[in-house]
Amino acid sequence: MFLYQQVYNWVRKYLSKGENGLKDNRGKKIKNRDKSELTDSEKTELKLKEAEDRVRRLEAENFMLKKLHEFQRRSIK
């Protein structure tokens, strides 16, 4: 048997977001969800996470290029 509060929450979610509001998204990563379903704060969080990932990739690339340059410089001598 369902509690009144649970049914009330379902109705609120359905009225605000339609059928998508009733989907269970627990445990799913934000980047795997449809971008149209994301709230503004989730979109901002996703952009920030993507930017941080990009910075990490570029830092790693920069580090590897520096090591390669150092190796090539030592090999020439």
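Here is what the cut-offs are and how they apply
Residues numbered from 1 in each chain as written. Predicted model: local features only at pLDDT ≥ 70, side-chain atom pairs only at ≥ 80, totals over all residues. Heavy atoms only, no water. Helix = DSSP H or I, 4+ residues; strand = E, 2+ residues; numbered from the N terminus. Buried < 20%, exposed > 50% of the residue type's maximum accessible area, 1.4 Å probe, protein only. Areas by Shrake-Rupley, 256 points an atom, 1.4 Å probe, with all protein chains shown as cover. Patch = residues over 30% accessible without salt bridge, like charges linked within 9 Å, V, L, I, M, F, W, Y side chains within 5 Å. Salt bridge = Lys/Arg side-chain N within 4 Å of Asp/Glu carboxyl O. Phe/Tyr/Trp six-rings, centres within 6.5 Å; stacked < 30°, edge-to-face > 60°. Expected span 1.5 Å × (residues − 1).

(A) Molecular detail of the overall build of the chain. Helices and strands together make up the secondary structure of the chain, namely 2 helices and 0 strands. Put simply, the chain has 77 residues, and 8% of those count as buried. When the accessible surface of the chain is split by element, carbon and sulfur atoms take 56% of a total near 7,600 Å².

(B) Seen up close, a nonpolar patch on the surface. Residues F2, V7, W10, V11, Y14, L15 and L22 make up a contiguous nonpolar surface patch of roughly 720 Å² in combined accessible area. Looking at the secondary structure, you find Y14 in helix α1 (residues 4–17).

(C) Structural detail: the pattern of salt bridges. Taken as a whole and judged by the stated rule, the model has 2 salt bridges. Close ionic contact of R56 with D53 constitutes a salt bridge, the shortest N to O distance being 2.9 Å. Of this pair, R56 and D53 both sit in helix α2 (residues 40–76), 3 residues apart, which is roughly one turn of the helix. Assessed through its relative accessible area of 48%, R56 is described here as partly exposed. In this structure, E70 and R74 form a salt bridge, with 3.0 Å as the shortest nitrogen-oxygen distance.

(D) Quick peek at the packing of aromatic side chains. By the definition in use, this model includes 1 aromatic pair. Aromatic side chains Y4 and Y8 sit 6.2 Å apart centroid to centroid with 20 degrees between the ring planes, which places their arrangement in the stacked category. In this pair, Y4 and Y8 are both assigned in helix α1, 4 residues apart and thus about one turn of the helix distant. By relative accessible area, which is 39% here, Y8 ends up partly exposed.

(E) Broad picture of α1. Over its 14 residues, α1 runs 20 Å from end to end, which matches the ideal 20 Å to within 8%, given 1.5 Å per residue. Two residues or fewer after α1 comes G18, characterised by a positive phi angle close to 75 degrees.

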